Amino acid sequence: MDTADQIVSVGTFRVLKLPLGFIRVLEWLFAIFAFATCGGYSGQLRVSVDCVNKTDSNLSIAVNFAYPFRLYQTYFDVPVCDGKTRERLFLIGDYSSSAEFFVTVAVFAFLYSLLATVVYIFFQNKYRENNRGPLIDFIVTVIFSFMWLVSSSAWAKGLSDVKVATDPDEVLLLISACKVQANKCKSVHGPIWSGLNTSVVFGFLNFVLWAGNIWFVFKETGWHKSSQRYPPDSSEKRHSGFTQQPYNQGSCEQGNFNQSGGFGTQGDLGQQVTYGQVYDYATHGSTSLANQM
């Protein structure tokens, strides 16, 4: 218990309440559901062959198949209806590439989501150091979003092909005894597809989660922070600062006269010459000039 308490005290679990950490946990859970429902699937269909000679009939022929859906390796024995001989047949198709690709993406997404969550909780300072952590996280999130879209679409197409190849009516066409009209062949039951249908749904849900998380990861990068640090309309603000100065009707091109009798000239650094000083200088200056003459 002491070790567990130390681990909890060191970690910053508040990040799990933020969209960045909370969505990572959802990605981790949904990735588990995706590869578990696809990789752990096994299905079965049953057909019956009722021969004219009842001793040769087999009313419950089971055909089992499972992930990774290499159906050409799935075989089953059926009666030939000409004695006690039997023939071995194989299903048609190989859909392992799309299924394995989907499961591989799900497993790697599970591992990365788990790693990212641990980093968010216990190594937050190193994650934000030099902007490397958020930048790598952003690039990986974009890649996984694209991979989820591609793998889910490919697996959806592969699943539809698996359903066609394992349709009991299609399997009956492979049995030679069913081509004789005297023999009666029918399907007993088909495979249950709810698990594989769920895997496709989880695949596209994972795409939505990863694509939506791109924005929250981008907010942690330096690209977003630099755009917030420097406002784009600084030149307009400087221009508006000049235009917002009030216009003084008593101003002229060289100076302005205020109500206190002060006369200020433009170009002087805050110095003002009063009207009295100008008058004294004009009268005394002209008198002293006349005396000198």
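Residues numbered from 1 in each chain as written. Predicted model: local features only at pLDDT ≥ 70, side-chain atom pairs only at ≥ 80, totals over all residues. Heavy atoms only, no water.

Draft legend 1. Local environment of the overall build of the protein. Secondary structure assignment for the protein yields 10 helices and 8 strands. Counting only residues that meet the buried cut, the protein has 33% of its 293 residues in that class. Taking the intrachain contacts of the protein between residues at least 6 apart in sequence as the baseline, contacts between residues at least 24 apart amount to 68%. (Helix = DSSP H or I, 4+ residues; strand = E, 2+ residues; numbered from the N terminus. Buried < 20%, exposed > 50% of the residue type's maximum accessible area, 1.4 Å probe, protein only. Contact = heavy atoms within 4.5 Å.)

Draft legend 2. Region of interest: the pattern of salt bridges. Applying the stated criterion across every chain, the model contains 6 salt bridges. Between arginine 24 and aspartate 137 there is a salt bridge; the shortest N-O distance is 2.7 Å. You can see arginine 24 sitting in helix 2 (residues 19-39) and its partner aspartate 137 sitting in helix 5 (residues 132-165), a full 113 residues away along the chain. The salt bridge involving aspartate 161 is made with lysine 157; its shortest N-O contact spans 2.9 Å. With aspartate 161 and lysine 157 both in helix 5, this residue pair falls 4 residues apart, about one helical turn. When its relative accessible area of 25% is taken as the criterion, aspartate 161 is described as partly exposed. The network of salt bridges with shared partners includes Arg24, Glu27 and Asp137. (Salt bridge = Lys/Arg side-chain N within 4 Å of Asp/Glu carboxyl O.)

Draft legend 3. Inspection of the pairing of strand 3 (residues 75-79) at higher detail. Of the strand pairs in this sheet, strand 3 and strand 4 (residues 86-90) are connected by 5 bridges, and their pairing is antiparallel. The residue bridging tyrosine 75 from the neighbouring strand is phenylalanine 90, located in strand 4. Where strand 3 folds back on strand 4, the antiparallel hairpin that results is connected by 6 residues, among which cysteine 81 adopts a positive phi of roughly 70°. (Pairing = 2+ DSSP bridges.)

Draft legend 4. Representation of the side chain of serine 57 in the model. By the secondary structure assignment, serine 57 is in the loop between strand 1 (42-50) and strand 2 (58-66). Within the structure, the side chain of serine 57 is placed 3.2 Å from the side chain of aspartate 50, a separation counted as a polar contact. Beyond its immediate sequence surroundings of up to four residues, serine 57 is in contact with Val49, Asp50 and Cys51. (Polar contact = N/O pair within 3.5 Å; in protein donor to acceptor, adjacent residues only side chain to side chain.)

Draft legend 5. Local environment of the state of the cysteines. According to the stated counting rule, one finds 2 disulfides in the structure shown. The disulfide partner of cysteine 178 is cysteine 185, and the S-S distance across this bridge is 2.1 Å. Disulfide cysteine 178-cysteine 185: the torsion about the S-S bond is -100°, which places it as left-handed. Overall, cysteine 185 belongs to the partly exposed group, its relative accessible area being 24%. Cysteine pairing for the protein (bonded cysteines numbered in sequence order): 1-2, 3-4. (Disulfide = S-S within 2.5 Å.)

Draft legend 6. Region of the structure containing the environment of isoleucine 175. With respect to the helices and strands, isoleucine 175 occurs in the loop between helix 6 (168-172) and strand 5 (184-189). Using a relative accessible area of 0% as the deciding quantity, one classes isoleucine 175 as buried. Residues isoleucine 175 and valine 78, spaced 97 residues apart in sequence, show a C-alpha to C-alpha distance of 7.3 Å. Setting aside residues no more than four positions away along its own chain, isoleucine 175 makes contact with Val47, Val49, Val78, Glu87 and Leu89.

Limitation: the analysis is restricted to geometry and does not speak to function.
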